[in-house]
Each structure stands twice: as structure tokens, then as C-alpha cells.
Amino acid sequence: MQKKTLLIGVDGFTWNVVNPLIEKGLLPNIKHLIESGVFGQLYTLENLKSPVIWTSIATGRDKYEHKIEDFVMRVEGKYTNIPVNSEMRKVKAFWNILSENKKKNITLGWYASYPAEKVDGIVISDRIFETEKNSCYPDSYLKYLKEFFNEDDMNTSLKELVNGDENFDIFPGAMIKGGFFRDLIFEKYFLKFLDEEDFDVMAVMLLGSDPIQHYFWKYWEPEKFDEDISKVKLDKYKDTIPRYYIHIDNFLGKVLKKAPLDKYNIIMVSDHGFKEWNVNRYWYHLNLLLLDLGYLYYQKPKNYTKYILKRFIKRNLFFLYKLYKSFKHQPIESDSKNIFEKYKDKEIDWEKTIFYDKSFNPELSLRHIALNLKGREESGIVPPEKTKFYMKKLMKKLEPLKTDNSRDLFVFVRKAGQQYVEVAVKMNASTEIICDNITINRKTYPVSRYYEKIPISGHHKIEGFAIYAGEDFKQNYLSNNLSVLDVTPLLLVLNDLPIARNMKGKVRKFWFDTPPEIKFIDTYETEKRETKIIDKDSDEDVRKKLRALGYIS
């Protein structure tokens, strides 16, 4: 069991893309891994959020123990969300455990690995593109980032991925580009370290497949969508997802040349699978409803005259655009997107705001409306003695809200939160309601003002992807009981280290030709791990990327 181990994580990699591409002969290296080890669906956690699962993969523990429970964490009393990082994790990751047991290891791009922790080896964290400070250990390895970042070559690779269209019009281009460029850099780090560094375990997490599948799934399986997908876009983008999988297969081919399976064990896993998302695809903008109800206010732009002039020009240009379309007898696209564009970068005026949407995931129909309570919130204005008055007033306004077609805007409205200073509401997610109008304070608004049609067409599913390849494993062996919680225990066994009894995962002896001795220890948590939830310089850059994917509002 003393072979070097490579752990390759690919976010959202899924068998329902891999299998048809293998049948077409397009993934020879993945096929070779399958034939050289144990493979099957990797069952993930109920919470299908990437940082939660990748942290469970790295620790063998669930979210209740490692405490990374979402993309962001909210600090009581603050309005902003803080993107998760390594200081919030309550238990040790495999890179900590290996280091403490004199196993040299390298970790590249792992979710929530920033700030980079001191290890016996190297950590290039997931935020190396956002900040130089604490993004790499030792920081001397930052020098390779500039060496690897050749934008011309990377743009050429991107053009190949999206069929020659470098600035393609699938929203959000920047997210696809950023995710793909990130992968290219970490692949270069991986291949360089494979040649030049000494290690027992090297791990990399590649991200690009997740945003690509979110936005291109309807071109991969157009028959599953009840919408008119233009033939031009279908021809252009139908092979984008396969091209990314082929790119990963080519990367594996380079790895296998340097790390043959008679000398290395290769673990390849995803955090979850992917599937079509073809119904109730909305983001919910509850703050706009609170604005219309008179409970929330946005700050005026600093140069208000300039803002009014720009808005006047925009509105008139849209009128001319509609006129042009009518002459051409072409349908006019909805201008509802302009509503969200108008408010998305505006700051809330906390000196006037009474209630605000506390939820940070716009995809969830279940939302929490919080009172801007004095003494609890950062800039709270509502005195505690007025709590009951305002809560009663809000509930009275929300509960009867119906559209002009007598459809309820909310499935339910109820008190929630500590001391009942929040209201939990569940938005009506029916496909019909978005076509209705609703009257609020004697003004009529389209319901589409609060419901934004999501550009996403692919979504996470619970069955992920796993291959454990190498001569130590049974060959071409399909296993039906693989779990994301098993990965760290397996890494420990492959390095002759005991599994902690408080880890949730298992290592099955029938995965191996010659079963290894599986040893146990009570725990690796020899001392309490202090956690910190504080703002980082790079947080806003991370928030922008998460907003682009709709993971936070």
C-alpha cells in the first residue's frame, strides 16, 4: 500500500455524460481507469452544495461536524455573507492529518482551502486568483502562477471549448471563462509537481464542469426541454459539455504517462452528478417586493443627475428597439431583466429600511424576511419595543397577497427566527403565476418583477462519479456502495494510516485484490480547532462569482 496516491476531484462530473461518450470512444483514458479499478456512482449528501461536499470528501465528516454548511456563512448582526474558508472548518482535512503523520502532500484548488494552511508539503488554495496574501503555502510557489498564465493560449483553448466563440452570449461568460482558466492553471501545477516534487499524496480539485453544465445542459439534451432552442445556438453549443469531458480525459492521459498505474493509485471523484433542470427555473427577488411594499429602500446614486439622464436614454433606446421589432414583425424580448439590472448593484439604505430578505440563495423559494432591529443588526433602526407592531403589520400585508388571477403569491407566511423577529415565506413556484399581475399599494406590477427566469438548465443530482484505480484494486469492478465520506478514510488506508472512528466513511475490503489491514484510531482531533468567521480582502471577488452562478443573491 506504499504507492503514491493521486486524488483528482472534478466538480459535477457525472456518469450520464461519461457513459455515452465512452460508448463513442471519446474518453479512452477514463475508460482505462474504469478497467483498472473499482468504479460506480458516488453517493453524496442531501445538501448538494459544492463547498459542503468537498469539505466532507476532505475530512470524512458531515456538515454538522465540519461546519461548512453553505457557500457563505452569515454573521449575526451583519448584512453581508462571508464566503466559506479554511478557518471556518472545525475538523482536520486530509492534508492536516497526512502532515501530522509525516506524509508529504500537495493540495491544489480545493474548495474552502483558503487561507492556505501550513503542511508538510504544498497548498495552492482556491483563492490564488483573487489574492496573493495567504493563498499559497509556501508562498514561494506563487511564482508559477505568472509562468502558467498565458492568456493567448488559454483563450485559444476556450475558443475550442465553445466552438470558436470566445465571447459567447451564454450568461455568464465570465464565470465559464474563469472556471475553465482556473482548471488550466491547476492542471499545469499538477503536471509540474508530478515531475518535480516529492510527495505521498497529491490532490487537485477542478471546477469548470460545474458552471459549464449549469448553462449548457439544454444543448446537451434539448429533447428534455419544452422551449424553443434556436438551431444556431444548438449547432454551436451542443458539443460544449462533451468537449470539456474530452479535455479532462486528455489531462488524464498526460497524468497517466507520468504516473502509470503500476506505480500509482488514482482516485477520481466528483462531489455530485448532474441532470436537466427544465421546470420552475426561477430566482426570487424578494427585496423588490419589500421595496414596493414600502419596507425597504435603496440608496440614490452619488451622481443622481447623471443617473437620471442615463435611465432616460436607456428607456428611449428600448422604445426605439420595440418600434424596430414591430416593423420587422419579430417578437419583443421581455424587459424584465432590466428590472434586476437596475437594482442588483445598488446598496440598501439601512437608515430607512425596516425589513429585508435575509436569505442569500436566490434559487430557494423558502425565504426569511428579517426585521432591521436596533441593537441586533449592524445599522438597525427598529426599536425592540416596536417589534410586535411591525411584525403584525408585515404579516397582515403579506398573507392576503394574490395575483389578478386569484393565485397566492406565497404558499405560506409564518413567524420565524429567534424571538420571532423574522418572517418565513415560501414563494409560489408554479409556472403560471409568473404571467400574472399583482396590485400592491394601488399600483399594478407584473409578478415577473419578483421572479427571474434562470438561465441555468442543468442542476446537481445526488449520484456522483467515482473511480479507484491501480493494481491494488480489483479490476473493472462495479461497486454500488461508494460514498463521498469514504475518500479520506481510503487515502489513510492507502498510506498505512488508521481511520478515525469518528469519521463517517468506510473502506471496503472487497474493493481490493489483497485486502489491506485496516487500522483504527479514536480521533485525529487531539485539540480543539479554533474557528474564525471574519471578512477577507478577497471575499467580494468570491461573492461576485457566486452571484454569477445564482448561488447567493
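Residues numbered from 1 in each chain as written. Predicted model: local features only at pLDDT ≥ 70, side-chain atom pairs only at ≥ 80, totals over all residues. Heavy atoms only, no water.

Asks: Which residues make up the overall build of the chain, and what are the values?
Replies: Helices and strands together make up the secondary structure of the chain, namely 17 helices and 24 strands. A separation threshold of at least 6 residues defines the contact pool for the chain, and within that pool the share at least 24 residues apart is 71%. With an accessible surface of roughly 25,700 Å², the chain has 49% of that area assigned to carbon and sulfur atoms. (Helix = DSSP H or I, 4+ residues; strand = E, 2+ residues; numbered from the N terminus. Contact = heavy atoms within 4.5 Å. Areas by Shrake-Rupley, 256 points an atom, 1.4 Å probe, with all protein chains shown as cover.)

Asks: Please set out a positive patch on the surface residue by residue, giving values where relevant.
Replies: Taken together, the side chains of Lys388, Lys392, Lys396 and Lys415 present a region of like positive charge at the surface. Element by element, the count of residues in the positive patch is highest for helix α15 (residues 387-398), at 3 residues. Within the secondary structure, Lys415 sits in strand β14 (residues 410-416). Residue classification places Lys415 among the partly exposed positions, given a relative accessible area of 47%. (Patch = residues over 30% accessible without salt bridge, like charges linked within 9 Å, V, L, I, M, F, W, Y side chains within 5 Å. Salt bridge = Lys/Arg side-chain N within 4 Å of Asp/Glu carboxyl O. Lys, Arg positive; Asp, Glu negative; His and termini not counted. Charge placed at Lys NZ, Arg CZ, Asp CG, Glu CD. Buried < 20%, exposed > 50% of the residue type's maximum accessible area, 1.4 Å probe, protein only.)

Asks: Which residues make up the environment of Asn150, and what values do they have?
Replies: Residue placement: Asn150 occurs in the loop between α6 (143-148) and α7 (151-161). Through-space distance from the C-alpha of Asn150 to that of Ile185 is 9.5 Å; in sequence the pair is 35 residues apart. Of the polar contacts made by the side chain of Asn150, one reaches the backbone nitrogen of Asp153; its length is 3.2 Å. (Polar contact = N/O pair within 3.5 Å; in protein donor to acceptor, adjacent residues only side chain to side chain.)

Asks: Please give an account of the nonpolar core that cites residues and values.
Replies: By size, the foremost hydrophobic cluster in this structure holds 74 residues, and its most contacted members are Leu6, Ile30, Ile124, Tyr189, Phe190 and Phe193. If you tally residues by element for this core, the top one is helix α8 (residues 173-196), at 11 residues. Ignoring any residue separated from it by four or fewer positions in sequence, one finds Phe193 in contact with Ile106, Leu108, Ile122, Ile124, Tyr141, Tyr144, Phe199 and Met202. With 51 residues, the next largest nonpolar core counts Leu7, Ala93, Val269 and Leu485 among its residues. (Core = buried A, V, L, I, M, F, W, Y, C linked by side-chain atoms within 4.5 Å.)

Asks: So what's going on with the pattern of salt bridges? Residues and values would help.
Replies: A complete count under the given rule lists 24 salt bridges for this structure. A salt bridge links Lys49 to Asp70; the nearest nitrogen and oxygen atoms lie 2.7 Å apart. Placement of Lys49 in the loop between β2 (37-43) and α3 (50-59) and of Asp70 in the loop between α4 (63-66) and β3 (72-74) is noted, with a sequence separation of 21 residues between them. Across the salt bridge formed by Lys192 and Glu196, the nearest N and O atoms sit 3.2 Å from each other. A residue pair is termed a helical-turn pair when its members lie 3 or 4 positions apart in one helix, as Lys192 and Glu196 do in helix α8 at 4 residues. Each member of the salt-bridge network shares a partner with another, and the members are Lys358, Arg376, Glu377 and Glu422.

Asks: Could you give me a rundown of unusual backbone geometry, with the residues and numbers involved?
Replies: For the bond from Tyr114 to Pro115, the omega torsion is -5°, close enough to zero to count as cis. Position of Pro115 among the secondary structure elements: in the loop between β5 (105-108) and β6 (121-124). With an omega of -15°, the peptide bond between Tyr137 and Pro138 qualifies as cis. Turning to its location among the elements, Pro138 is positioned in the loop between β7 (136-137) and α6. Not every positive phi belongs to a glycine, and Asp496 is a case in point at roughly 55°. For Asp496, a relative accessible area of 37% gives the class partly exposed.

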